[in-house]
Every structure is written in structure tokens, then in C-alpha cells.
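For reference, the chains in residue letters:
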Amino acid sequence: IKSRDEIMGFIGALYAIRFVLKYYDTGKLIHLGTASLAFFLALMSKETSVTFVAVVPLCMLFFRKWNWRKVSLGSFALIAGLIPYLALRIYYTGSGTAEIPDEIMNDPFLGASQAEKFATISYTWGIYLKLLVFPHPLTHDYYPYHIPIIGWSDMRALIPLILHIIIAGLGVYFTFIKRKIYGFAILFYFITFSIVSNVAFPIGTFMNERFMFVPSLAFAIIVVELIFSSKSFNSSTLTRKKALVVFLPILLLFGIKTLSRNVAWKNDFTLTTTDALVSTNSAKCLMAAGGSLTDEAVKLTKFKDRKQRAEYLALSEKYLTKSLKIYPSYLQSTMLLGINQYHQGKFDRSLAYFENSLQISHEDPLAKK
């Protein structure tokens, strides 16, 4: 199941919060042990759960009265779950760090200046906020260059930066001065988003919609609080009908979007060919769509499904050619074009692409094959 790791990690982290707060209320140390175990399992599911080392103390500070001893012990419970995870990670992967190859599929900012890099990152932050409110169009692929490299002279970079500075200020104000849930939600958003923001360290792509899964809890909290804190939803006037009037359209629209998106995720062929219409400048998405189309064409009978087969191969060639135009030394696209041309009976061109593959990477086992 795609991104099941995100879901499992989130569940474990939420259980860690729950049991730390239970310890805070009861003083029973067994709840700290349970919190440590839950957090360890969260990390084993998804390492980005590490941000809850900061989220849990924030929960104690915001939702409970200040107590140095309990805050310290609650935080230590998270560290007790983190240490064995780090030990296992180092044991099996060494330092866990590696040099990023000079290749845009691993470093999308390759060739960009530092100013362009951070301006582009700011632009992606704006896209994240937009998708929280209006999740369309969606795609699984934000590889180069679905997101363009831009500079600070571009308003698409400046506006999100200014907006995030304002939001962060409101988060601090509402948390520590007004003690409003809005503040907690905003700080929760920034903490959980920090690790996938491309600022702390490179994540290998411009952005991914699944990175918003955990931070989106903050958005949900704010939306619900805004609705129910309004005068028309106070305790004396709240009715089921009013709740339905507000939430039914939201559930309906987002439900329709979810169901329609599920259709795209049926299999690799439907996903790649659907998203190639959105990620029109992603070399990787175009490569994947081209490969899927060739694979489907090969499954078809040459005589019975001749027209459909020819259409698939032609569209595959179009996508793969554009992929190479975006990224001329893309090994996968080059090899797939060789396969595509072979199945179209263009053997000379097929051989040329295979020879180009060996020039790109003479040690690549697939290219040799």
C-alpha cells in the first residue's frame, strides 16, 4: 500500500503523545514505557517521525500546566525510543549518510545557485499550502523539472516566504501569549514539515504530496476550530443541521477527489499515464509513462490489436523523447527508447539508443544486457 509507512509512523507518534499525556495526568511510569515503545515503532515505520521529539514537549507545554519534572521525563521517554532506533540504523547502514551523486534525479537543484535553490524551495511551500486548501491537480511526481528553478525576483518565491513568516509569527503569538489552539496547530505544522522542507537537508526531489500527510493534521485542527469557534456554533446554538451544512460540502468535494484519485492509483500504467498529463515537465514521470505504454503495447497481439499497439508505442516514443529533451543523459529514458524503437521495427534507431546507453553508463548492467 503506497505510503503505508507514513500512516503507521503517524499512528505510532500519536500513541506516543497519548501515553506521555496519560503519564502527565496519572504519574504512572508505565505510560512512559508505552510511549517509548510506540515512538520506537513509529520510527521503525517512518524515520520522519523523529520530529515528534519536539512535538511531544510542545503538547505537554500547551495542553498541561507547566511541570519541569514531568516535561523532562516525558521528553526522555521519546529519547529512550529514539536511541535503539538510531543504534539499529547505524548498525545496518553505517553512518546513514552518503554523497549525493551529481545527477538531477538525486539532486534536483543541481546547477542552481543557492539563491535559486531557496527561492524554488519557497515556491514549493506555497504549492503545499495551496494543495491543502484546493487539492487539484494532484500528481505522484514532482521531479525535475515539473517544478521550475526560479529566483527571488519571482513573486512565486517571495509571497510564500512572506506568508510563512507571518504564519510562524502567529503561531508563536497564539501559542505563548494567547494560548489558542491555532498557535499549537501552526507550530505542529512547522515542526513536522521541517524535516521534509528541503531546508534541513536535501530530500532528493522538489516536493511530494505525501510529505503533507502529518502536517495536514494542523490544517484540520485550524479549520474545525475556526468553524466551531464562530458565534453561530457556540454551545447554545450548535445543532446537527448546522454542522451538516458546513461539513457535508467539504466531505463531498474531498470525497469525490479521493475516489477519482484512487482510479489513477489502480496500477503503474494508470498512474503514470494519468500523471504524465500533469507532470508534463518531469523527466522521470515521462520516462515512467513511456515505459508503461511500451510494456502495455508488448502485451497486445500484433495483428488483433495492431491499432492500439501502434498508438501506445507512438505515445510512448513521444513521452520518452520529451524526457530526454528535459534530461539528455537520462539512462532509463535512453534504454526505454531503444526498446520502444525495437518494437516499432526501427532497428537501426533502436541500436543507436542502446549504444548511447553504454556511453552514458558503460558499467550499467541493464545497458550491457
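As shown above, the structure is provided for reference.
Residues numbered from 1 in each chain as written. Predicted model: local features only at pLDDT ≥ 70, side-chain atom pairs only at ≥ 80, totals over all residues. Heavy atoms only, no water.

**Regarding the overall build of the protein**
Short version of the rule: In this description a helix means any DSSP run of H or I spanning at least four residues, a strand means any run of E spanning at least two, and both kinds are numbered starting from the N terminus. Remark: exposure states derive from per-residue accessible area (1.4 Å probe, protein chains only) relative to the maximum for the residue type, with buried under 20%, exposed over 50%, and partly exposed in between. In short, Shrake-Rupley with a 1.4 Å probe defines the accessible areas, and a residue's cover is counted only from the protein chains shown. Here Asp and Glu are counted as negative and Lys and Arg as positive; His is not counted, and neither are the chain ends. Think of each charge as sitting on NZ of Lys, CZ of Arg, CG of Asp or CD of Glu.
For the protein, the count of helices and strands is 15 helices and zero strands. Here the C-alpha coordinates of the protein stretch approximately 75 × 55 × 45 Å along the principal axes. Going through the 369 residues of the protein one by one, you find that 39% of them count as buried. Surface accessibility of the protein: about 20,700 Å² in total, with carbon and sulfur atoms responsible for 66%. The centroid of the 39 positive side-chain charges in the protein is displaced by 14 Å from the centroid of its 24 negative side-chain charges.

**A look at helix 1 (residues 4–26)**
Side chains three or four residues apart in an α-helix point the same way, a direct result of the helix having 3.6 residues per turn. Heads up, the condition is: An expected span of 1.5 Å times one less than the residue number is assigned to each helix. The contact criterion used throughout is that any non-hydrogen atoms of two residues lie within 4.5 Å.
In a regular helix each residue adds 1.5 Å, so 23 residues correspond to 33 Å; helix 1 covers 33 Å between its end C-alpha atoms and thus fits that length. Taken together, the buried positions of helix 1 are occupied by Glu6, Gly9, Phe10, Gly12, Ala13, Ala16, Ile17, Phe19, Val20, Leu21, Tyr23 and Tyr24. In this structure, the buried residues of helix 1 make contact with helix 2 (30–45), helix 3 (52–63), helix 4 (68–93), helix 7 (181–194) and helix 8 (216–228). Where helix 1 ends, the next residue or the one after it, glycine 27, has phi of about 80°, a positive value.

**Structural notes on unusual backbone geometry**
As a rule of thumb, non-glycine residues mostly have phi less than zero, and peptide bonds are mostly trans rather than cis. Each neighbour pair has its own omega, and for histidine 136 with proline 137 the value is -10°, a cis peptide bond. Mapped onto the elements of the fold, proline 137 is located in the loop between helix 5 (114–133) and helix 6 (155–176). Between proline 144 and the following residue, tyrosine 145, the backbone shows a cis peptide bond with an omega angle of -5°. Topologically, tyrosine 145 is positioned in the loop between helix 5 and helix 6. Its identity as a non-glycine residue notwithstanding, arginine 179 has a phi of 55°, on the positive side. As for its placement among the helices and strands, arginine 179 is situated in the loop between helix 6 and helix 7.

**Thoughts on the packing of aromatic side chains**
Just so we agree on the cut-off: Note on ring pairs: Phe, Tyr and Trp rings are taken, using the six-membered ring of Trp, and paired if centres are within 6.5 Å. Classes follow the plane angle, with under 30 degrees stacked, over 60 edge-to-face and the rest tilted. Lysine and arginine charges are scored as sitting over a ring when NZ or CZ, respectively, is within 6 Å of the ring centre and within 35 degrees of the ring normal.
Going through the model one piece at a time under the given rule, you end up with 21 aromatic pairs. Aromatic side chains phenylalanine 10 and phenylalanine 52 sit 6.4 Å apart centroid to centroid with 50° between the ring planes, which places their arrangement in the tilted category. Taken together, the positions of phenylalanine 10 in helix 1 and phenylalanine 52 in helix 3 put the pair 42 residues apart, joining distant regions of the chain. Here phenylalanine 10 and phenylalanine 52 have matching classes, each one buried. Note on tyrosine 15 and phenylalanine 19: the rings are 6.1 Å apart at their centroids and 20° apart in plane angle, and the pair reads as stacked. Of the two residues, tyrosine 15 and phenylalanine 19 are both situated in helix 1; the distance of four residues between them amounts to about one turn of the helix. In this structure an aromatic cluster arises from ring pairing among Phe10, Phe52, Phe62, Phe63, Phe184, Phe188 and Phe213. If you follow lysine 70 out to its NZ or CZ, it ends over the ring of tyrosine 24, 5.5 Å from the centre.

Purely geometric stuff here, so don't read any function into it on its own.
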